[in-house]
Amino acid sequence: MIVLAGMNLEEIESITDGLKASKFHAKQVHNWIYNKSVSAIDEMTDLSKDFRGKLSEIATVTDTKIKTKQVSSDGTIKYLIEYPDGECVETVLMRFDNRANLTACVSSQVGCAVNCSFCATGKCGFIRNLNYKEIIEQVLTIQRDTGLKVTNIVFMGQGEPLLNLDNVLKALDIFNTDFQIGTRRITISTSGIIPRIDELANLELQSTLAVSLHAPNHKLRAELMPIENKYPIDKLQQALKNYVDKTGRRITIEYIMIKGFNDTIEAAKELAMYLKNIKCNVNLIPYNSVVETKYKKSLNNDVMQFKYILEHSGKKVTVRLERGADIDAACGQLRGKNVLNN
Ligand code: SAH
Ligand code: SF4
């Protein structure tokens, strides 16, 4: 059975050609898949019954299922999505009351090999890469389920997108061309895979690059992120400068705030120094406690003090709104629970 989701217009045309239907039919099918987000060929109501029948014999809209769905009191929806081989990833839809934006937080891999000590996904180990169709199916699933159109995408679910770069770039292209989501409305978050950051710099990527820094020096960062031993923070600094030079784009620095560990005044000053010559905004993320770790979320006062010091150094700083805290909508948590329950 052919799966239509993930196909571009030319690919859909080759199918309608095979059924001796016009190119306009292909356009209609394409629109039903990406804009109206139907779940079944029979819902494509402006196509004749006869054509729908023929198409249904050889094709289906999707082969992806919603395994579980949790709705938070703040409107965040978290899905566990199941692919035909039984593997699952999480996808989160975030809405912000004051804006029309609908942001999908997508996964790029099943599990993750980077193994950060604070992350629930890391604890599950690496299982496999997602192909580009599996990545875009996450956004289609949200659109089909809610009847809404996603406007922004962040690669902040499970996995390290820069360790599956070919599929991520192909998905980016489809988000852009077929979903009509602007490149600048897409953010890729990485733990700092330096050679791949260089590659994106050379491609002059116009999406936003978010870098999970989480610590201001080698010693603290190595405690949180084993990748620090392979791609150390001083080399990362060079790569980020080069990225800004080549792309002209401002980077987002992500920094998880962990109580008594990386949230001190000294840490803030050291971070300000580190970022001094890098064109970036800083996003402070209150640590979301994962059951198996010793880390605790920073106190509000410490977050505010940290923010103030960075702002004083000239950076724009935001504190990430906590979304879906009541449904464990942090990186990897749903999958972790599900695996434990089985
Ligand atoms: N692998 C990529 C993208 C996925 S993780 C990366 O690490 O950047 C997306 C973001 O969620 C990262 O900044 C990650 O550090 C953060 N994160 C992971 N576990 C978290 C937790 N328990 N609480 C808060 N943020 C977390
Ligand atoms: Fe992987 Fe990102 Fe989790 Fe680290 S924080 S283990 S890189 S998903």
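Residues numbered from 1 in each chain as written. Chains lettered and ligands numbered in written order. Predicted model: local features only at pLDDT ≥ 70, side-chain atom pairs only at ≥ 80, totals over all residues. Heavy atoms only, no water.

## Side note on the side chain of E254
With respect to the helices, strands and loops of the structure, E254 is situated in strand β12 (residues 251–257). Only 3.3 Å separates the side chain of E254 from the side chain of S212, close enough to count as a polar contact. Separated by 3.1 Å, the side chains of E254 and R320 make a polar contact. Apart from the residues lying within four places of it in its own chain, the contact partners of E254 are M156, S189, A210, V211, S212, L213, H214, N283, I285 and R320. (Helix = DSSP H or I, 4+ residues; strand = E, 2+ residues; numbered from the N terminus. Polar contact = N/O pair within 3.5 Å; in protein donor to acceptor, adjacent residues only side chain to side chain. Contact = heavy atoms within 4.5 Å.)

## Things to note about the site of ligand 2
In the vicinity of ligand 2, the residues found are C112, V114, N115, C116, F118, C119, G122, G159 and S191. Looking at the shell around ligand 2, its residues break down into 5 nonpolar, 4 polar and no charged. (Near = heavy atom within 4 Å. Nonpolar A, V, L, I, M, F, W, Y, C, P; charged D, E, K, R; others polar.)

## A few points about the nonpolar core
Counting residues in each nonpolar core, the largest one holds 105 residues, and the members touching the most others are L4, M44, F155 and F175. Here this core spans two domains, since at least three of its residues come from each of domain 1 (2–60) and domain 2 (84–341). If we skip the residues at most four places from it in the chain, F175 touches I135, I136, V139, I153, F155, Q180, I181 and I186. (Core = buried A, V, L, I, M, F, W, Y, C linked by side-chain atoms within 4.5 Å. Buried < 20%, exposed > 50% of the residue type's maximum accessible area, 1.4 Å probe, protein only. Domains from an automatic or database assignment.)

## With respect to the confidence of the model for the chain
Averaged over the chain, the pLDDT score is 92; the fraction of residues at 70 or greater is 94%. Counting interchain partners and residues more than four positions distant, the pLDDT-below-50 stretch residues 335–342 has 14 contacts. (pLDDT = per-residue confidence, 0-100.)

## Looking at the site of ligand 1
The full set close to ligand 1 counts 19 residues, and G159, S189, S212, H214 and N288 are the nearest of them. Take E160: an N or O atom from its side chain is 3.4 Å from a nitrogen atom of ligand 1. N288 has a polar backbone atom sitting 2.9 Å from a nitrogen atom of ligand 1. For ligand 1, the accessible surface in isolation is 530 Å², of which the surrounding protein chains cover 94%. Among the elements of the structure, β10 (186–190) and β12 are those that each provide at least two residues to the shell around ligand 1. For the shell around ligand 1, the class distribution of residues is 9 nonpolar, 8 polar and 2 charged. (Areas by Shrake-Rupley, 256 points an atom, 1.4 Å probe, with all protein chains shown as cover.)

## Some details on unusual backbone geometry
Its identity as a non-glycine residue notwithstanding, K20 has a phi of 60°, on the positive side. Positionally, K20 belongs in the loop between α1 (9–18) and α2 (23–34). One non-glycine residue, N115, lies in positive phi territory at about 60°. When you line up the elements, N115 lands in the loop between β7 (109–111) and α4 (120–123). Note on N115: relative accessible area 41%, which makes it partly exposed.

## Some remarks on the domain arrangement of the chain
Split into domains, the chain comes out as domain 1 (2–60) and domain 2 (84–341). If you average the C-alpha positions of domain 1 and of domain 2, the two centres end up 35 Å apart. In this complex, domain 1 contributes 13 residues to the contact, which on the side of domain 2 involves 11 residues. Interface area for domain 1 against domain 2, summed over the two sides, is near 970 Å², with a carbon-plus-sulfur share of 52%. The tally of links from domain 1 across to domain 2 stands at 0 salt bridges. If you look at where domain 1 meets domain 2, you find 4 residue pairs in polar contact (both at pLDDT 80 or more). In terms of residue count, α2 provides more of the side of domain 1 that touches domain 2 than any other element does, 3 residues in total. (Buried area = accessible area lost by both parts, 1.4 Å probe. Salt bridge = Lys/Arg side-chain N within 4 Å of Asp/Glu carboxyl O.)

## Considerations on the packing of α1 against α2
Following both chains from N to C, one finds α1 and α2 inclined at 125°, their axes separated by 8 Å at the closest point. Between α1 and α2, the crossing angle belongs to the class labelled oblique. The element α1 and its partner α2 pack so that their crossing is right-handed. Contact with α1, carried on its side by L9, I12, E13, T16 and D17, involves K23, H25, A26, K27, V29 and H30 of α2 and no other residues of that element. Partitioned by chemical class, the residues of the contact of α1 with α2 number 4 nonpolar, 3 polar and 4 charged. (Axes fitted to C-alpha atoms, helices over the stretch in contact; angles between N-to-C directions. Parallel < 35°, antiparallel > 145°, perpendicular 65-115°, else oblique. Left-handed = near helix turned anticlockwise from the far one by under 90°.)

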